[in-house]
Amino acid sequence: MMLMHELDKIIAQYFVVIPVLSIGVLWLLRPRADKVKLAIMVVLGAAIAYVMVKVSGHFFYHDRPFVYKHVQPWFSHGADNGFPSDHTTYSTLLAACAWPFNRVLGALLFAVAIAIGTSRVLAFVHSPLDIVGGVVFGIVAGAIAYPLSGCLTRLMLGSKKKTT
């Protein structure tokens, strides 16, 4: 039980590094046009997700489970708004950014994002609603950023050819 508890803490707090490093490796392995598009997609997606998270926080406040259940979280965390989970939002966004370039990697990163979210629920720092919100925000931000990144890539590279 103690091993599972420690493993869950590691996943909840540190597995967010996996999508970040994976996007970096994916970027390194792509041709120039894809590198530009992927970089633009990640930056635009992160900006869109950030705005979505901040705006939602002004309209919806959701206490963290350790606050309303009166339990100790598995690691130190502030008692602020839990909706949506930032870790899940940005991990899901990176999975959505990887998806158009490498479906296998994208699917694996979606699984990592779900594992991160699940671990944060088990650690009492988020509720399932916070995780679902993070997944939705990450996917929506990626879906908005994808076509915009294609347009901006064509403008930047001066190509009339459609990039994928």
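Please read all numbers here as calculations on a predicted model, not as lab measurements. (Residues numbered from 1 in each chain as written. Predicted model: local features only at pLDDT ≥ 70, side-chain atom pairs only at ≥ 80, totals over all residues. Heavy atoms only, no water.)

*Asks:* Even after reading the chapter, I still don't get the packing of aromatic side chains, so can you show me in this structure?
*Replies:* The geometry of two aromatic rings is summed up by the distance between their centres and the angle between their planes. Within this structure, the stated rule accounts for three aromatic pairs. Aromatic side chains Phe-83 and Phe-137 sit 5.9 Å apart centroid to centroid with 75° between the ring planes, which places their arrangement in the edge-to-face category. Taken together, the positions of Phe-83 in the loop between α4 (65-68) and α5 (86-98) and Phe-137 in helix α7 (residues 128-157) put the pair 54 residues apart, joining distant regions of the chain. Ring pairs connect the aromatic residues Phe-60, Phe-83 and Phe-137, which therefore count as one cluster. For Lys-35, the ring lying beneath its charged end belongs to Trp-27, and the centroid distance is 4.8 Å. (Phe/Tyr/Trp six-rings, centres within 6.5 Å; stacked < 30°, edge-to-face > 60°. Helix = DSSP H or I, 4+ residues; strand = E, 2+ residues; numbered from the N terminus. Lys NZ or Arg CZ within 6 Å of the ring centre and 35° of its normal.)

*Asks:* Which parts of the structure should I look at to understand the pattern of salt bridges?
*Replies:* Side-chain pairs of opposite charge can arise where the charged atoms are in close proximity. What the rule picks out here adds up to two salt bridges. One salt bridge connects Lys-9 with Glu-6, and the closest N-O pair in it is separated by 3.6 Å. Taken as a pair, Lys-9 and Glu-6 lie in helix α1 (residues 2-14) at a separation of three residues, close to a single helical turn. On the basis of relative accessible area, Glu-6 is assigned to the partly exposed category, the value being 34%. One salt bridge in this structure joins Asp-34 and Arg-30, with 2.7 Å as the shortest N-O distance. (Salt bridge = Lys/Arg side-chain N within 4 Å of Asp/Glu carboxyl O. Buried < 20%, exposed > 50% of the residue type's maximum accessible area, 1.4 Å probe, protein only.)

*Asks:* I keep staring at the environment of Ser-127 and nothing clicks. Help me out?
*Replies:* Along the chain, Ser-127 falls in the loop between α6 (103-122) and α7. Under the relative-accessibility criterion, Ser-127 is labelled buried at 4%. Sequence spacing of Ser-127 and Phe-83 is 44 residues, and the spatial spacing of their C-alpha atoms is 8.5 Å. Ser-127 has contacts with His-62, Pro-65, Tyr-68 and Val-121, leaving out every residue within four places of it along the chain. Among the polar contacts listed, one links the side chain of Ser-127 to the side chain of His-62, at a separation of 3.4 Å. (Contact = heavy atoms within 4.5 Å. Polar contact = N/O pair within 3.5 Å; in protein donor to acceptor, adjacent residues only side chain to side chain.)

*Asks:* It is not clear to me how the packing of helix α2 (residues 17-29) against α6 should be interpreted in this structure. Could you clarify?
*Replies:* The packing of two helices is summarised by the inter-axis angle and the distance between the axes. For the pair α2 and α6, the least separation of the axes is 10 Å and the interaxial angle reads 165°. Comparing the axis directions of α2 and α6 gives the class roughly antiparallel. As for how α2 packs across α6, the hand of that crossing is left-handed. In contact with Ile-18, Pro-19, Ser-22 and Leu-26 of α2, α6 contributes Leu-105, Leu-109 and Val-112. Grouping the constituent residues of the contact of α2 with α6 by class yields six nonpolar, one polar and no charged. (Axes fitted to C-alpha atoms, helices over the stretch in contact; angles between N-to-C directions. Parallel < 35°, antiparallel > 145°, perpendicular 65-115°, else oblique. Left-handed = near helix turned anticlockwise from the far one by under 90°. Nonpolar A, V, L, I, M, F, W, Y, C, P; charged D, E, K, R; others polar.)

*Asks:* Before we go on, may I ask you to explain α1 in this structure?
*Replies:* Spacing of three or four residues puts side chains on the same side of an α-helix, whose turn is 3.6 residues. Here α1 spans 18 Å end to end across 13 residues, near enough to the 18 Å set by a 1.5 Å rise per residue. Within α1 the residues assigned to the buried category are His-5, Asp-8, Lys-9, Ile-11 and Ala-12. Along α1, the residues classed as buried sweep out an arc of 165° about the axis, all on the same side. Away from its buried face by more than 90 degrees, α1 exposes Met-2, Leu-3 and Tyr-14. As for α1, its buried residues are in contact with α5 and α6. (Expected span 1.5 Å × (residues − 1). Arc of directions from axis to C-beta.)

*Asks:* So what exactly am I meant to see when it comes to the side chain of Ser-56 here?
*Replies:* Position of Ser-56 relative to the elements: it lies in helix α3 (residues 32-59). Aside from chain neighbours lying at most four places away, what touches Ser-56 is Phe-83, Pro-84 and Phe-137.

*Asks:* Please explain the nonpolar core as it appears in this structure.
*Replies:* Nonpolar side chains in soluble globular proteins tend to be buried together. Ranked by internal contacts, the top residues of the largest apolar core, which has 17 residues, are Ile-23, Leu-26, Leu-38, Val-42, Cys-97 and Ala-98. Among the elements of the structure, α2, α3, α5, α6 and α7 are those that each provide at least two residues to this core. Not counting the four nearest positions on each side in its chain, Leu-38 is found in contact with Ile-23, Leu-26, Trp-27, Cys-97 and Phe-101. Core analysis: the next-biggest nonpolar cluster, separate from the first, contains five residues, Ala-12, Phe-66, Phe-75 and Ala-123 among them. (Core = buried A, V, L, I, M, F, W, Y, C linked by side-chain atoms within 4.5 Å.)

In short, the description is geometric, and any link to function would need to be established separately.
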